[in-house]
Amino acid sequence: MYPDIFVIETLNTHYVLGVDKNGRLNHIHWGKKADPEDYEVRDNWEQNSNHSGLDYTDMEYTAFGGTMYRNCAFKCEYYDKCRDSVFTYLKSEQSDGRLAVTLCDKSYGVELELTYLYSDESDIITRFVTVKNNSNKTLKIEKFMSAELTLPGTRPYAVKNPNGAWGSEFLTKTTILENGTIAFESRKGTAGHTNSPYAVMSAPNADEDHGAVYFAALGYGGSFKVEIQRDFAGVTRAVLGISDFDFSYTLKGGESLTSPKVYMGFTDGFAQMSNMMNEFAYKNILPKSFAQKPLPVLYNSWEATEFNVNARQQLELAKIAKEIGCELFVMDDGWFGRRYNDWGGLGDWSVNSEKFPNGIDELIDGVNELGMDFGLWFEPEMVQEDSDLYKAHPDWTYHYDNREAMKLRHQLVLNLTKKEVCEYVFDCMDKMLEKHNIRYIKWDMNRPFSEIGTENLENGKELWLRHTMAVYEIADRLKEKYPYLQLEACSSGGGRAEYGAMEHFDMVWTSDNTDPVDRLDIQHGYSLIYPIKCMRAWVTDANNTRRPVSLDFRFGVSMQGSLSIGSNLLNYSKEDIEKSGRYIELYKSFRSVIQFGDFYRLKNYAEDGFYSTQYVSKDKKKSVLFINSNANSFFNARFKSIRLKGLSPDEKYRLTDGDTAVIKSGAYFMNKEYALCLDRPLMSKIIILEKV
Ligand code: DGJ
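Parameters at a glance
Residues numbered from 1 in each chain as written. Predicted model: local features only at pLDDT ≥ 70, side-chain atom pairs only at ≥ 80, totals over all residues. Heavy atoms only, no water. Helix = DSSP H or I, 4+ residues; strand = E, 2+ residues; numbered from the N terminus. Rg over C-alpha atoms; globule rule 2.2 N^0.38 Å. Buried < 20%, exposed > 50% of the residue type's maximum accessible area, 1.4 Å probe, protein only. Contact = heavy atoms within 4.5 Å. Near = heavy atom within 4 Å. Polar contact = N/O pair within 3.5 Å; in protein donor to acceptor, adjacent residues only side chain to side chain. Areas by Shrake-Rupley, 256 points an atom, 1.4 Å probe, with all protein chains shown as cover. Phe/Tyr/Trp six-rings, centres within 6.5 Å; stacked < 30°, edge-to-face > 60°. Pairing = 2+ DSSP bridges. Axes fitted to C-alpha atoms, helices over the stretch in contact; angles between N-to-C directions. Parallel < 35°, antiparallel > 145°, perpendicular 65-115°, else oblique. Left-handed = near helix turned anticlockwise from the far one by under 90°. Nonpolar A, V, L, I, M, F, W, Y, C, P; charged D, E, K, R; others polar. Salt bridge = Lys/Arg side-chain N within 4 Å of Asp/Glu carboxyl O. Core = buried A, V, L, I, M, F, W, Y, C linked by side-chain atoms within 4.5 Å. Expected span 1.5 Å × (residues − 1). Domains from an automatic or database assignment. Buried area = accessible area lost by both parts, 1.4 Å probe. Patch = residues over 30% accessible without salt bridge, like charges linked within 9 Å, V, L, I, M, F, W, Y side chains within 5 Å. Lys, Arg positive; Asp, Glu negative; His and termini not counted. Charge placed at Lys NZ, Arg CZ, Asp CG, Glu CD.

A.B. asks: Looking at this structure, I do not really get the overall build of the chain. What am I missing?
C.D. replies: Scanning the chain from N- to C-terminus turns up 15 helices and 37 strands. For a compact globule of 692 residues, the expected C-alpha radius of gyration is about 26 Å, and the chain comes in at 26 Å, within 12% of that figure. Over its C-alpha atoms, taken along the principal directions, the chain stretches across nearly 80 × 70 × 40 Å. Expressed as a percentage of the 692 residues in the chain, the buried residues total 61%. In the chain, once contacts between residues fewer than 6 apart in sequence are set aside, the share between residues at least 24 apart is 68%.

Written out as structure tokens, the structure reads:
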């Protein structure tokens, strides 16, 4: 009666679904390929009063209802208060790398269309779900996850996710999930600094090179939730999507809602996962205009001048930035409204005429004359009491009349679920872009939501999703109108460094912590699943930790991502300027290897006492290796060594390590330990390999 089996074939894997005799969509297989003819739907067996057949069924997308008690992917309330869903197979389409299976709750005319996009070029499958209310009655959605994943076998999996904070984003922890549910979540309105919207689940002994790794990253940076559960039978499943905490969404008859996307895959080892996602991101996720172009080396003024900006001093910085090789100059916070510190100004996006008495073009033209593009900082979702905007529209923030608003960093969040607020925000940036030659916007967001009242919405619990979608829509509109515009997503550092932002912004700010030693751990965690090129990494004076770190070390760390400069260049000596120039030139010579090549985490502080990362161009002709010793110099550090990865074994490479060069085969460098003498604290080495 039902067409049985759907096989999704990627480069190395099969993902298989099937309809059981009750019409339910079952998950059958995810992993290495088998003969498609052999796949079959398992009959639900063992039913007793405590464990129903459903308990044992690997549902492809579990809706709450009946005797289904596990973490569900979907929950709703129908117009007649029924909260029990029964979704069975209705129809399917499969062609050209797309499978869509539609399930229907026939009593209510509500459909769930599960879509899978895939190709034979990689093992990443893109998934999303659309709820269609085909009835003429109202439907209230209470949980709407983008995907459910069922992992094979009954052994426990190791689960990775950051447990970070502001200034320590992406510090990744591993938990063996033996029992119950582990949840990674944000309830803040953005993804935030603590957990990241992904599920990475591996065989407990998996390492960089080997072992089953199942992963899924969510393309949504609003409040999110990832739930991973190991059931009584030992089966591990995950659901990930919009956080259901304080969420619901009302669909009137005829309306539909599509979930954020999930990018999921199965690999052998973590390096393959990172590389597959890295490449998939610049080929398929990032906004098209810059996805496959190398990102410029930029200068950002924040750490140098904070709020205290003016044309003369910014131009002085720009001149040195140009001299050392920067290609873009970004003026950060402080240029607008009554912005003299963090107490006022947000919302008034017109140039502060006290700081720029001759207008901002004096600076922009000056920067352009130097041969650099110009970029500007905005924090569009915010307003402060000390602003004209707040005086005119105090009701444009999320608020409850009888609750005092928490003014974190003295600011309030604008209610982007109101059309007129979105128009205002778009217009402010549009006006600046129309009038001035601004080719880059850093979009910041410096506080989570609170007092989330929305008198304009019939269902206030929609705000979380509506706000996030409004941010994406404004970003897309700007990019459409100004195709040359590059967008950076920032949220007090890395609060928006995730794939939701990366579908609409070209890059992200990873952390406000620019201390290079801390940064190595942050970058290490980030690299697990996020694309290297999107990771803006500034060389700064890093005065926050007051740790004496050489300029060489700072460059050696920031060159491992999208190199940027954030130091106060006005304090640079002639030697610093010359040295910076040399490093930036070196970076440019292998920038595409870093931003588009394969990436290997060879060593890290926690396990090895030093860091080493390696980048290899896709054609395997060039490779660059970074080595950073830790803060302590100790006897054994003289006897460190590394093995390289990703080279062509039979080709010869010239390895240049400072003044010495050797020519050996790729196999030699990959199979024989290369000796390193790291006998000084915080040493930085950059080793280059080129095919001869
Ligand atoms: C937080 C960001 O992360 C910083 O880079 C900087 O832009 C400040 N905000 C400006 O207020």
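A.B. asks: I would appreciate a short explanation of the site of the ligand in the present structure.
C.D. replies: In the vicinity of the ligand there are 14 residues, among which Asp 332, Asp 333, Lys 442, Asp 444 and Asp 512 approach most closely. Interatomic distance of 2.4 Å between a side-chain N/O atom of Asp 512 and an oxygen atom of the ligand. Within the complex, 98% of the 300 Å² of free accessible area of the ligand lies under protein.

A.B. asks: It is not clear to me how the packing of aromatic side chains should be interpreted in this structure. Could you clarify?
C.D. replies: To describe a pair of aromatic rings, you give the distance between the ring centres and the angle between the ring planes. Counted under the stated rule, the structure contains 40 aromatic pairs. Each ring, one from Tyr 299 and one from Phe 329, has its centre 5.4 Å from the other, and the planes form 15°; the classification is stacked. Of this pair, Tyr 299 sits in strand β20 (residues 298-300) while Phe 329 sits in strand β21 (residues 328-331), and the two are 30 residues apart along the sequence. Since its relative accessible area comes to 0%, Phe 329 is described here as buried. Ring geometry for Trp 349 versus Phe 378: centroids 5.2 Å apart, planes at 45°, classification tilted.

A.B. asks: Would you explain the pairing of strand β2 (residues 13-19) in this entry?
C.D. replies: Two faces, one strand: in a regular strand the side chains alternate between the faces of the sheet. Summarising burial for β2: seven of the seven residues are buried, a large majority. Of the two faces of β2, both are covered, the one formed by Thr 13, Tyr 15, Leu 17 and Val 19 as well as the one formed by His 14, Val 16 and Gly 18. The pairing of strand β1 (residues 5-9) with β2 spans five bridges and is antiparallel. What sits directly across from Ile 5, in β2, is Gly 18. Once β1 ends, the chain turns through three residues before running back antiparallel as β2. As paired elements, β2 and strand β3 (residues 25-32) share seven bridges and run antiparallel to each other. Pairing of Thr 13 across the sheet is with Lys 32, part of β3. What sits between the antiparallel neighbours β2 and β3 is a turn of five residues, in which Gly 23 has the positive phi angle 85°.

A.B. asks: Explanation requested: the packing of helix α5 (residues 311-324) against helix α6 (residues 361-370) in the structure shown.
C.D. replies: Each packed pair of helices is defined by two parameters, the angle between the axes and the distance between the axes. Taken N-terminus to C-terminus, the directions of α5 and α6 make an angle of 15°; their axes are 10 Å apart at the nearest point. Classified by the angle between their axes, α5 and α6 sit roughly parallel to one another. Between α5 and α6 lies a crossing of right-handed hand. Facing α5, whose interface residues are Ala 311, Gln 314, Leu 315, Ala 318, Lys 319 and Lys 322, α6 presents Glu 362, Leu 363, Gly 366, Val 367 and Leu 370. Residue classes in the contact of α5 with α6 are distributed as six nonpolar, two polar and three charged.

A.B. asks: Mind showing me how you'd approach the pattern of salt bridges here?
C.D. replies: Pairing is possible between side chains of opposite charge, provided their charged atoms come close. Taken as a whole, this structure holds 38 salt bridges when the rule is applied. Glu 113 is the salt-bridge partner of Lys 132, the closest N and O atoms lying 3.6 Å from each other. Placement of the pair is Lys 132 in strand β8 (residues 125-133) and Glu 113 in strand β7 (residues 110-117), with a sequence separation of 19 residues. Exposure remark for Glu 113: the relative accessible area of 15% places this residue in the buried category. Among the salt bridges present, the one from Glu 327 reaches Arg 591, with a minimum N-O distance of 2.9 Å. Of this pair, Glu 327 sits in the loop between α5 and β21 while Arg 591 sits in helix α13 (residues 574-596); the two residues are 264 residues apart in sequence, bridging distant segments of the chain. Classification of Arg 591 as buried rests on a relative accessible area of 12%.

A.B. asks: Mind showing me how you'd approach the nonpolar core here?
C.D. replies: Note on soluble globular proteins: their nonpolar side chains tend to be buried together. Counting 131 residues, the largest nonpolar core has Trp 335 and Phe 374 as its most contacted members. Not counting chain neighbours up to four residues away, the residues in contact with Phe 374 comprise Leu 328, Phe 329, Met 331, Ile 360, Leu 363, Ile 364, Val 367, Asn 368, Asn 437, Ile 438, Arg 439 and Tyr 440. In this structure, Phe 87, Leu 151, Phe 184 and Ala 191 belong to the second largest nonpolar core, which totals 61 residues.

A.B. asks: I keep staring at helix α9 (residues 463-481) and nothing clicks. Help me out?
C.D. replies: One turn of the α-helix equals 3.6 residues, which is why residues spaced by three or four share an orientation. In this model, α9 (19 residues) spans 26 Å end to end at C-alpha, consistent with the 27 Å of a helix rising 1.5 Å per residue. Among all positions of α9, only Leu 463, Trp 464, Leu 465, His 467, Thr 468, Ala 470, Val 471, Tyr 472, Ile 474, Ala 475, Leu 478 and Lys 479 are buried.

A.B. asks: Teacher, can you tell me more about the domain arrangement of the chain here?
C.D. replies: The parts lose accessible area when they come together, and the size of an interface is often stated as this lost area. With domains assigned, the chain is organised as domain 1 (5-285), domain 2 (298-483 + 531-596) and domain 3 (602-691). Between the C-alpha centres of domain 2 and domain 3 the distance comes to 36 Å. Domain 2 puts 17 residues into the contact, and the matching count from domain 3 is 16 residues. With both sides pooled, the region where domain 2 packs onto domain 3 buries about 1300 Å², and carbon together with sulfur makes up 71% of that total. Among the residues domain 2 hides against domain 3, the three largest losses belong to Phe 553, Gln 560 and Val 593. Together they make up 47% of the total.

A.B. asks: How do you make sense of the pairing of strand β29 (residues 562-565) when you look at a structure like this?
C.D. replies: Neither face of β29 is exposed, since Ser 562 and Ser 564 on one face and Leu 563 and Ile 565 on the opposite face are all buried. In this sheet, β29 lies alongside β20 in parallel orientation, the contact comprising two bridges. Paired with Leu 298 across the bridge in β29 is Ser 564.

A.B. asks: Can you help me understand the environment of Ile 176 in this one?
C.D. replies: Along the chain, the position of Ile 176 falls in strand β11 (residues 172-177). The spacing of Ile 176 and Ile 522 is 346 residues in sequence and 22 Å in space, taken between C-alpha atoms. Leave out the neighbours within four places in its chain, and Ile 176 touches Pro 156, Tyr 157, Ala 158 and Pro 204.

A.B. asks: Would you mind going over a negative patch on the surface with me for this structure?
C.D. replies: There is a patch of like negative charges on the surface, built from Asp 35, Glu 37, Asp 38 and Glu 40. Locating Glu 40 in the fold gives a position in the loop between β3 and α1 (53-56).

A.B. asks: Looking at this structure, how should I read the sheet that holds β1?
C.D. replies: What links the strands of a sheet is backbone hydrogen bonding, and the strands pair in either a parallel or an antiparallel sense. Taken in spatial order, the three strands line up as β1-β2-β3 in an open sheet, and their pairing is antiparallel. The sheet is open, and its two borders are formed by β1 and β3, each paired with just one other strand. With direction set aside, neighbouring strand axes in the sheet form an average angle of 15°.

A.B. asks: How do you make sense of the side chain of Arg 339 when you look at a structure like this?
C.D. replies: As for its position among the elements, Arg 339 is in the loop between β21 and α6. A distance of 2.8 Å separates polar atoms of two side chains, one belonging to Arg 339 and the other to Asp 333.

A.B. asks: Honestly, helix α12 (residues 551-558) in this entry has me stumped. Any pointers?
C.D. replies: α12 sits mainly inside the fold: seven of its eight residues count as buried. Where α12 is concerned, the buried positions are Leu 551, Phe 553, Arg 554, Phe 555, Gly 556, Val 557 and Ser 558.

A.B. asks: Whenever I open this one, the sheet that holds strand β25 (residues 440-443) confuses me. Can you help?
C.D. replies: In space, the eight strands of this closed barrel follow the order β20-β21-β22-β25-β26-β27-β28-β29, with parallel pairing throughout. Ignoring strand direction, the axes of neighbouring strands in this sheet form an average angle of 30°. The strands touched by α6 are β21 and β22 (373-378); relative to β22, the strand with the most contacts, the crossing angle is about 140°.

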